[in-house]
Amino acid sequence: MLQKYDDRNASIKVWIKDKLVDRKDAKVSVFDSTVQGGDAVWEGIRVYKQGVFCLDLHIDRMEDSARAMAFSDIPSREFIKNAIFETLRANGMIDDVHIRLTLSRGEKLTSGMDPRLNAFGSILIVLAEWKPPVYDNDKGIKIITSTIRRNSPMNLDSKIHHNNLINNILAKIQANHAGADDALMLDNYGFLAEMNGTNIFIVKDKVLLTPHADACLHGITRALIIETAKNLDIQVQERNISLTELYSADEAFGTGSMGELTPIYEVDGRRLSDRRKNNITSILSDAFHELSLNYCTKF
Ligand code: PMP
């Protein structure tokens, strides 16, 4: 398993709605919209000693998702930031921290789907945990291709960062059964979409390639990697990529707030080029770490 229980999280404080509570009391109602239908939006945010990484970009995306889902009361940016900072301060957290920020449509009058049953307002949850990057970025990961397709705008637009994660969880289960670290998901046309929890990039002949953000989350790390590559004069192409191109790639890696930049060393039993030759991956990884310091909000 990539993640393990960390003792330091045994007695953390969690923000729920408008206050901090002890971990053991950090609960939502059985009538909460997240329980009833995965009717919530979320963000995963990393905290470095320089501050909270890409905070405004994460809040922008959360607001966009909540607006797309017609939430009637989205907390103000000031409220969200204050809740995050208070939580981090209360837990004495400064580095090696991951925040799971959730905005639920809130509690319902009775069980059901209809958002008009939500009479009590939305609920913001700030779950900050001690969590170093979850992948071993020196070793990298081994992936398999899942038969579960990543949602396209034809069904459930992957640009909404919602809590209905079954699509990705089914893919992850296939990876688990196959003894792989993560699952690659294709789009409806058979092109690469992303992995179950990260975006995907490949390198071929010194060109960096990534799928259009049509059937994948428009990842914040993804966007920063594209910016980093352009700053370094590395040619970048956003285009359809087939599995054959991945199998014969020089390098491949995943990106996301959980694990930053994670090399992929094997796909469907095919070994990618030797990790030591992963030039562009390590150049981008180093440059990304430098650039990321400019995107931290102090608290
Ligand atoms: N894809 C999926 C499906 C994700 O859940 C995430 C992270 N929440 C990502 C990609 C990476 O996005 P980001 O770089 O914004 O963390």
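Residues numbered from 1 in each chain as written. Predicted model: local features only at pLDDT ≥ 70, side-chain atom pairs only at ≥ 80, totals over all residues. Heavy atoms only, no water.

Participant: I'm lost on the overall build of the protein in this one. Help?
Facilitator: The number of helices and strands found in the protein is seven helices and 16 strands. In terms of overall dimensions, the protein is globule-like: its C-alpha atoms have a radius of gyration of 19 Å, near the 19 Å expected for 299 residues. By its C-alpha atoms, the protein is 55 × 40 × 35 Å across when sized along the principal axes. Per-residue burial over the protein gives 52% buried out of 299 residues. Sequence separation of 24 or more characterises 71% of the internal contacts of the protein that already satisfy a separation of 6 or more. When the accessible surface of the protein is split by element, carbon and sulfur atoms take 53% of a total near 14,100 Å². If you average the places of the 37 positive and of the 41 negative side-chain charges in the protein, the two averages end up 2 Å apart. (Helix = DSSP H or I, 4+ residues; strand = E, 2+ residues; numbered from the N terminus. Rg over C-alpha atoms; globule rule 2.2 N^0.38 Å. Buried < 20%, exposed > 50% of the residue type's maximum accessible area, 1.4 Å probe, protein only. Contact = heavy atoms within 4.5 Å. Areas by Shrake-Rupley, 256 points an atom, 1.4 Å probe, with all protein chains shown as cover. Lys, Arg positive; Asp, Glu negative; His and termini not counted. Charge placed at Lys NZ, Arg CZ, Asp CG, Glu CD.)

Participant: Would you take a moment to explain the site of the ligand for this structure?
Facilitator: Around the ligand sit 17 residues, and of these R61, E194, I220, T221 and S257 come closest. In the environment of the ligand, an oxygen atom lies 2.6 Å from a nitrogen or oxygen atom belonging to the side chain of T221. Between an oxygen atom of the ligand and a side-chain N or O atom of S257, the distance comes to 2.6 Å. With the chains in place, 94% of the 390 Å² that the ligand exposes on its own is no longer accessible. Listed by contribution, the elements that provide at least two residues to the shell around the ligand are α5 (220-231) and β13 (251-256). Looking at side-chain class alone, the shell around the ligand contains three nonpolar, 11 polar and three charged residues. (Near = heavy atom within 4 Å. Polar contact = N/O pair within 3.5 Å; in protein donor to acceptor, adjacent residues only side chain to side chain. Nonpolar A, V, L, I, M, F, W, Y, C, P; charged D, E, K, R; others polar.)

Participant: How should I be thinking about the packing of aromatic side chains in this particular structure?
Facilitator: Each aromatic ring pair is described using two quantities: the centre-to-centre distance and the angle formed by the ring planes. Enumeration according to the criterion identifies five aromatic pairs in this entry. Between W15 and F79 the ring centres are 6.1 Å apart and the planes differ by 80°, which places this aromatic pair in the edge-to-face class. Of the two residues, W15 sits in strand β1 (residues 13-16) while F79 sits in helix α3 (residues 77-90), which places them 64 residues apart along the sequence. Here the aromatic rings of F85 and F299 are separated by 5.9 Å at their centres, their planes lie at 15°, and the arrangement is stacked. With F85 in helix α3 and F299 in the segment after β16 (296-297), the pair connects residues that are 214 residues apart, well separated along the chain. Its relative accessible area of 13% is what places F85 among the buried residues. Joined through ring pairs, the aromatic side chains of Y48, F53 and F288 make up one cluster. (Phe/Tyr/Trp six-rings, centres within 6.5 Å; stacked < 30°, edge-to-face > 60°.)

Keep in mind these values describe shape, not function.
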